Amino acid sequence: MILRLYVPCDFYGFQFVFYCIQEMYIRVKRNKTTYFVQCDPTDTTLDIKQKLQALIDLPSNNQRLTLVATDVVLVDSMTLAEQRVENDAVVALTLRKDDNEFEEIYIARPEDFMSFS
């Protein structure tokens, strides 16, 4: 979340606006795995992919992130704030397959883990 603070400050005729950038996290899900990624609204999608690269050992160009709430694929060069990704958002991670296409989104649900006897 970005908070815009207007502080009545007149310095040689200039007015100042201070921005307070609040850290957030997003939940990146793939299959039965959830990654809690700490980030800032000013981080780009590529920044998030690079953080994931350290976790899953797959290059960022083989990852695709989709905002689950809107089913919109996130653009690497845009910030999370520009794409309206909010704190605690769920983002789906899909990986590039051998045929150069991305896999379908699959996120396991809690009932997928329950056994019925």
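So, how was this worked out
- Residues numbered from 1 in each chain as written.
- Predicted model: local features only at pLDDT ≥ 70, side-chain atom pairs only at ≥ 80, totals over all residues.
- Heavy atoms only, no water.
- Helix = DSSP H or I, 4+ residues; strand = E, 2+ residues; numbered from the N terminus.
- Buried < 20%, exposed > 50% of the residue type's maximum accessible area, 1.4 Å probe, protein only.
- Contact = heavy atoms within 4.5 Å.
- Areas by Shrake-Rupley, 256 points an atom, 1.4 Å probe, with all protein chains shown as cover.
- Pairing = 2+ DSSP bridges.
- Core = buried A, V, L, I, M, F, W, Y, C linked by side-chain atoms within 4.5 Å.
- Salt bridge = Lys/Arg side-chain N within 4 Å of Asp/Glu carboxyl O.
- Phe/Tyr/Trp six-rings, centres within 6.5 Å; stacked < 30°, edge-to-face > 60°.

Visitor: Which residues make up the overall build of the chain, and what values go with them?
Guide: Each helix and strand in the chain was counted, giving 1 helix and 7 strands. Overall, the chain shows an N-to-C arrangement of helices and strands of β-β-β-β-α-β-β-β. Per-residue burial for the chain yields a buried fraction of 28% across its 117 residues. Within the chain, residue pairs in contact and separated by at least 24 positions form 46% of the contacts whose partners lie at least 6 positions apart. With the model as given, the accessible surface of the chain reaches about 8400 Å², and the carbon-plus-sulfur share is 52%.

Visitor: Could you give an account of the side chain of Thr94, naming the residues involved and the relevant values?
Guide: Tracing the backbone through its elements, the reader meets Thr94 in strand S7 (residues 90-95). Here Thr94 is in contact with Asn62, Gln63, Arg64, Phe102, Glu103, Glu104 and Ile105, once residues within four sequence places are set aside.

Visitor: How would you summarise the pairing of strand S4 (residues 33-39) if you had to cite specific residues and measurements?
Guide: Of the strand pairs in this sheet, strand S3 (residues 24-30) and S4 are connected by 7 bridges, and their pairing is antiparallel. Among the inter-strand pairings, Tyr25 is bridged to a residue of S4, identified as Gln38. What sits between the antiparallel neighbours S3 and S4 is a turn of 2 residues, in which Asn31 has the positive phi angle 55°.

Visitor: Which residues make up the nonpolar core, and what are the values?
Guide: Of all hydrophobic cores here, the largest spans 17 residues; its most connected members are Ile26, Val28, Ile48, Leu65 and Val85. When contributions to this core are tallied by element, the ones reaching two or more residues are S3, S4, helix H1 (45-56), strand S5 (63-67) and S7. Those residues in contact with Ile48 that sit more than four places away from it in its chain are Ile26, Val37, Cys39, Asp43, Leu65 and Leu80.

Visitor: Explain the pattern of salt bridges to me, using residue names and the numbers behind them.
Guide: Two side chains bearing opposite charge may form a pair once their charged atoms approach each other closely. By the definition in use, this model includes 4 salt bridges. Here Arg30 and Glu103 are joined by a salt bridge, their closest N and O atoms 2.6 Å apart. Linking Arg30 in strand S3 with Glu103 in the segment after S7, this pair joins segments that are 73 residues apart in sequence. Classification of Arg30 by relative accessible area gives partly exposed; the value is 24%. Taking the shortest distance from any N to any O, the salt bridge between Lys51 and Asp43 comes out at 3.4 Å.

Visitor: So, the environment of Val91: which residues are in play, and what are the values?
Guide: On the secondary structure map, Val91 appears in strand S7. Along the chain, Val91 and Val73 lie 18 residues apart, while their C-alpha atoms are 9.4 Å from each other. Not counting residues up to four positions away in its chain, the partners in contact with Val91 are Ile26, Arg27, Val28, Lys29, Leu65, Thr66, Leu67, Val68 and Leu74.

Visitor: Summarise the packing of aromatic side chains; cite the residues concerned and give the values.
Guide: Per the stated rule, a full pass over the model turns up 1 aromatic pair. On the basis of an interplanar angle of 45° and a centroid distance of 5.9 Å, the ring pair of Tyr25 and Phe36 is categorised as tilted. Taken together, the residues Tyr25 in strand S3 and Phe36 in strand S4 connect sequence positions 11 residues apart. A relative accessible area of 56% means that Phe36 is categorised as exposed.

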